[in-house]
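This is what each chain is made of:
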Amino acid sequence: MFPDQASTFAWHVDALYFYLILVSVVFSIPIVAAIVFFGLRYREKEKYATPEEMHGSIMLETTWSIIPFIVSMTIFLGGAIVYYNQFRMPDDGMDVYVVGKQWMWKIQHATGQREINELHVPVGRRVKLTMTTEDVLHDFFVPAFRTKMDVVPGRYTYLWFEATKPGKYHLFCAEYCGLNHSGMGGYIYVMEQRDFDNWLSGNVSGQTPVEQGKDLFENKLGCASCHAGGPQQRGAKLEGIYGHEVKLVGGQTVLADDAYIRESILNPSAQIVEGFQPIMPTFKGQVTEEQLVSLVAYIKSLSGITAATTGGGTGSTAANSAASGNTIDSANTMAPRKAERGRTGQEGSNPNTPGTGTEPTNSNR
Ligand code: CUA
């Protein structure tokens, strides 16, 4: 009746669900039984009989208030815990980029490998998806992992999971998105680390998202002509801004995250960085969502934040966890953000002064 439990939080969701069923059963059976019992026991024998008056019972009323209160609060707490676990992104998640499109899932690994309607991941490793769509709303749904997330035009949404069992699991689109919505699915292949490393090395990786972003930035789109340092510089310097507050014209500040970088490329005049002129043209219509993802990955890398990857053919889990250990700090997008929160107005929020000391130093430029 239920799909496999194949992620770390699958049983949390099931436990909550069974608890809800239990509560429903425990409340509805006595109510139905009481309706039947009272209907028979007190059914009208004499027309217009006057019932005995009753003046309430503190004991009874307190009991039927407190018990439902406790029950509803446990449901709330359970739901909040499950939600908190699922939708707070891990700092060390292996990065995977997902672009939805009528009617397919286009997926790219941080090491460059691309897949369509398939996603290969290692078992026992947190995987973080950064998702967007080229057209309409879609929804990335993996029943065996008990998780789903809307994929929304014009913004990034995130999803993470840690698979616990190797196997092949259904992937669905869970938001009606047009004619072939029902066919917009595929499979997640959960593999042992060694098999995953083999799979990775058996697939030509091409450019990684960071390399693609760099290529777009320096050559294809010519961003570097304004954003690189030197006398030519007319645009804000981008080194070190990711995860920091940026001061805008008008005194506001904004956190330089994925959404901010995306917005600045598509709609540059919306948020002008203090000290700069609104001269940047929009790149709307000139870049695809996949290119945007690469540009964001590249600009992130300028702040020393490398996408967390795994594998690379070492074949040993120990070696891999050691290798990924290096990237945990650098992939830690939450910590610098947390540190930056509430620091509005402090120096260091100017994007022209990169490297304020709180940044991870592992740059791969
Ligand atoms: Cu995409 Cu339904």
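Numbers given to residues run from 1 along each chain, matching the order in which its sequence is written. Totals for whole chains, interfaces and linings use every residue, but because this is a predicted model, local features are given only for residues with pLDDT of at least 70 and side-chain atom pairs only at 80 or more, for both listing and counting. Each side-chain value is worked out from all heavy atoms of the structure, with water and hydrogens disregarded.

*Asks:* Quick question: what am I supposed to make of the overall build of the protein here?
*Replies:* Numbering of helices and strands runs from the N terminus; a helix is a DSSP stretch of H or I covering at least four residues, while a strand is a stretch of E covering at least two. Tallying secondary structure elements over the protein gives nine helices and twelve strands in all. Only protein chains enter the accessibility calculation, which uses a 1.4 Å probe; a residue whose area is less than 20% of its type maximum is buried, one above 50% is exposed, and one in between is partly exposed. Counting all 365 residues of the protein, 42% fall into the buried class. Here a residue-residue contact requires only that any non-hydrogen atoms of the pair lie within 4.5 Å. Long-range pairs, those at least 24 residues apart, make up 70% of the contacts in the protein between residues at least 6 apart in sequence. Carbon and sulfur atoms provide 59% of the accessible area of the protein, an area that totals close to 19600 Å². All accessible-area figures derive from a Shrake-Rupley calculation using a 1.4 Å probe, and residue coverage is judged against the displayed protein chains alone.

*Asks:* Would you take a moment to explain the sheet that holds strand β4 (residues 118-122) for this structure?
*Replies:* Pairing between the strands of a sheet is mediated by backbone hydrogen bonds and can be parallel or antiparallel. Strand order in the open sheet formed by five strands is β4-β10-β9-β6-β7, with mixed pairing between adjacent strands. Every other strand in the sheet has two partners, leaving β4 and β7 (147-151) as the edge strands with one partner each. Taken pair by pair, the neighbouring strands of this sheet meet at an average axis angle of 20 degrees, ignoring direction. Here β4 runs beside strand β10 (residues 186-191); their pairing, made up of five bridges, is parallel. If you follow V121 over to β10, its bridge partner there is V190. Lying on the sheet, helix α3 (residues 193-201) is in contact with β4 and β10; it crosses β4 at an angle near 130 degrees. Pairing between two strands requires that DSSP report at least two bridges joining them. Helix axes use the C-alpha atoms of the stretch in contact, all axes being lines fitted to C-alpha atoms, and the angles between their N-to-C directions lie in the range 0 to 180 degrees.

*Asks:* Any chance you could explain empty space enclosed by the protein here in plain terms?
*Replies:* Rolled over the atoms, a probe as big as a water molecule pinpoints where empty space is left. Space inside and on the surface of the protein is sampled on a 1 Å grid over the protein atoms alone, with a cavity defined as a set of points where a 1.4 Å probe fits but cannot get out and a pocket as an open set with protein on both sides within 12 Å along at least 5 of 7 lines; lining residues have an atom within 4 Å of a point. Grid points are joined across faces, edges and corners, and a volume is the space filled by probe spheres set on the points. Applying the stated criterion across every chain, the model contains five cavities of 30 Å³ or more. As a volume, the second largest cavity reaches approximately 70 Å³. Taken together, Y97, T130, Y156, D258, V293, V296, A297 and K300 make up the lining of the second largest cavity. Polar here means any residue outside two lists: the nonpolar Ala, Val, Leu, Ile, Met, Phe, Trp, Tyr, Cys and Pro, and the charged Asp, Glu, Lys and Arg; Gly therefore counts as polar. In terms of residue class, the lining of the second largest cavity is made up of five nonpolar, one polar and two charged.

*Asks:* Help me understand the sheet that holds strand β8 (residues 157-162), please; the structure alone is not making it clear to me.
*Replies:* Strand order across the open sheet formed by five strands is β3-β2-β1-β5-β8, with mixed pairing between neighbours. Looking along the sheet, the strands with just one partner apiece sit at the ends: β3 (114-116) and β8. Strand-to-strand twist across the sheet, computed as the mean angle between neighbouring axes with direction ignored, equals 25 degrees. As paired strands, strand β1 (residues 94-101) and strand β2 (residues 104-109) are joined by six bridges and run antiparallel to one another. Bridging across to β2, V99 finds its partner in K106.

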